[in-house]
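This is what each chain is made of:
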Amino acid sequence: MKREACGSLRGKDAGRRVTLAGWVHRLRDLGGLTFVDLRDASGIVQLVFRDLPAARKLSREDVIRIQGSVARREAPNPDLPTGEVEVVVERLEVLSRSKPLPFPVDADEPRASEETRLRFRFLDLRREKMQRNLRLRHKVSLAIRNYLNGQGFIEVETPYLTRSTPEGARDFLVPARLEPGKFYALPQSPQLFKQTLVISGVERYFQIVRCFRDEDLRADRQPEFTQLDLEMGFLEDPDELFSVIEGLVAHIFREAIGVELDVPFPRIPYAEAMLRYGTDKPDLRFGMEIADLSDLFRDCDFRVFTGAVAEGGVVRALPVPGAAGKSRSELKKLEERAKGLSLGGLAWAKFTPEGVNSPIAKFTSEELLRKAAEEAGAGKGDLLLLAAGPAEAAAEALGTLRLELAHELGLIRENAWALAWITDFPLFKLDEEGRIASEHHPFTSPHPDDIPLLETEPLKVRARSYDLVIDGVEIASGSIRIHRRDLQERIFNLLGLSEQEARKKFGFLLRALEYGAPPHGGIAFGLDRLVMMLAGESSIREVIAFPKTASGTCLLTGAPAEVDPGQLAELPLEVKPD
RNA sequence: GGGGACGUGGUCUAGGCUGGACUAGGACACCGGAUUGUCACUCCGGAGAUCGCGGGUUCAAAUCCCGUCGUCCCCGCCA
């Protein structure tokens, strides 16, 4: 008789004889009567053993096969989809025994340390929560492939054994046996290949692809991680890409978690994001927008403010709703926190029904503080935090305080799903030595309006690059690429790269650009992070079947491990003793 | 590379500041017994730990100190 799915049985199946197989989820031995909850991938159903002593010898996670007949239950269990029925067992076959478990697999929240969970990952993944996460991830991948296929994209695989690139993260290296002394590198992303594919005539490319970066780990970073990588030919206007991606993301949310997103997503230029939220990845689930009050305080009597403005700095204000009741000691703590965030200090003003309460009122006048509150959107019962200093420092510090205070005050709505595009990033930044370097990568196209500024004011040049931010997390990043040699050369010049150096570093892509490259651009999603957010998890390890620890080891397999001396000899490679 | 937290039977943890009656307590799991309507079954009984490892202080260390290993979090790093 063919095996049926445990989770599929319903009242209408009563009377049928069935064969089931699965894991012993739970066991309730009442003597002459034993209940077993049998679990397979489809769900759980209750088995009843009457006068079958073998059932009493079962234990959790044994694998069994049974034959029996489905019966309606006198007392249905409303917590189980199969709760109307049970299967009265006639024949029991034990397929495989389980040792006692290191931790229960029938709990939604893990009842073991993460270390133990990873060592016994095959058991941890049996938990319903982990099964849900694996299925959610599958749904997301499927939704991506279905949607992009419908939009004319094709998935093309690119090499995992490739060339080391000089910039970016540290590469994982793979010794090449056939070319002793030479190495492949695992790709940090398929960036050069995807641009090449578009130049090759694949006008719409995507790939769900593993990427490798040998850098230190975090809760949201693994040495190998998955990107949804995507590139479009004849793309010159980011808006075209935005609408494709908005359709895709809306489709993913609908299919994976049944949420309807509003499209289009708001677009916020980088400079505005830095000003209003103090970060390039703003959390838009709550207000508390930062206001620039430099002009307002330019001529007041508070030297800290006027001094900052006179030196080219700013005065900015963060409204904190309902926080006018904060005590002196709490405000003192905030001040200390601000000093830890590279601010000289932090001024504050409370707006209570009785009036304005602020240590700086005597310098600035209450009138001015009232105007400040009005401009910053702070009302009665609110607190206004004021920071003065260089624009970057003030922005970053207030941005950090904005997030911390919103968490503390419980202002962040769960499941709010605030998506936004951040656009017009700067094309260049200064590196540690004060030299001009690419913010994104050297193939990013400058904003057409800013091309005349390239040589004169390079740091003011905006890029045609963009990030997609969800609830304050950067989830995707991309750009329109340079497709013309002359512009590319100008950029290399600015970066201080000679023709030869550029060829050495980016070789084949440069050659491809010389043979008729269409305008193109694309984007890459951090798939693990996206799935993590959709799953409501706070670590990507919860949505990766076999993740690595913070020190890059795999507790299941013991990787990385020493290898046989013979394997090294073949490469040939020698390990230096410490 | 730097900072922080944690490490106690199979698992999760109490104890740790203030060293001594800690003979290391509890829960779950496990083993034995009872149990015919349970669904986190219940009840009775039992076994199981040199407190991550190494060193030090002390009459005495799970407890204090140093080192080391492992796990987690953060900064640097991640074009």
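See the structure shown above.
In this text the structure is predicted, and so the values were computed from the model without any measurement.

A.B. asks: So what's going on with unusual backbone geometry? Residues and values would help.
C.D. replies: The bulk of non-glycine residues show a negative phi, and the bulk of peptide bonds are trans. Note that the residue after Ala559, namely Pro560, is joined by a cis bond; omega there is 0°. Looking at the secondary structure, you find Pro560 in the loop between helix H15 (527-535) and helix H16 (565-570). Going from Leu571 to Pro572, the amide bond is cis rather than trans, its omega being -20°. Look at Asp51: it is not a glycine, yet its phi comes out positive at around 50°. Its place among the elements puts Asp51 in the loop between strand E4 (43-50) and strand E5 (63-72). The residue Met288 is not glycine, and still its phi comes out positive at about 50°. Along the chain, the position of Met288 falls in the loop between helix H6 (270-277) and strand E13 (291-292).

A.B. asks: I'd like a description of the sheet that holds strand E12 (residues 267-269), backed by residues and values.
C.D. replies: In space, the eight strands of this open sheet follow the order E7-E10-E11-E23-E22-E21-E18-E12, with mixed pairing throughout. A strand with exactly one partner marks an edge of an open sheet, and here the two such strands are strand E7 (154-155) and E12. Two strands pair when backbone bridges link them, and strand E21 (residues 465-470) and strand E22 (residues 473-480) are joined in this way by six bridges, in the antiparallel orientation. Of the residues in E22, the one forming a bridge with Asp467 is Ser477. Relative to the sheet, helix H3 (residues 128-150) contacts E7, strand E10 (204-212) and strand E11 (224-233), its axis offset from that of E10 by approximately 150°. On top of the sheet, helix H4 (residues 191-199) reaches E10, E11 and strand E23 (520-526); it is set at about 25° to E11, its chief contact.

Basis of the calculations
Residues numbered from 1 in each chain as written. Chains lettered and ligands numbered in written order. Predicted model: local features only at pLDDT ≥ 70, side-chain atom pairs only at ≥ 80, totals over all residues. Heavy atoms only, no water. Helix = DSSP H or I, 4+ residues; strand = E, 2+ residues; numbered from the N terminus. Pairing = 2+ DSSP bridges. Contact = heavy atoms within 4.5 Å. Axes fitted to C-alpha atoms, helices over the stretch in contact; angles between N-to-C directions.

Fair warning: the whole summary comes from geometry, so function is off the table for now.
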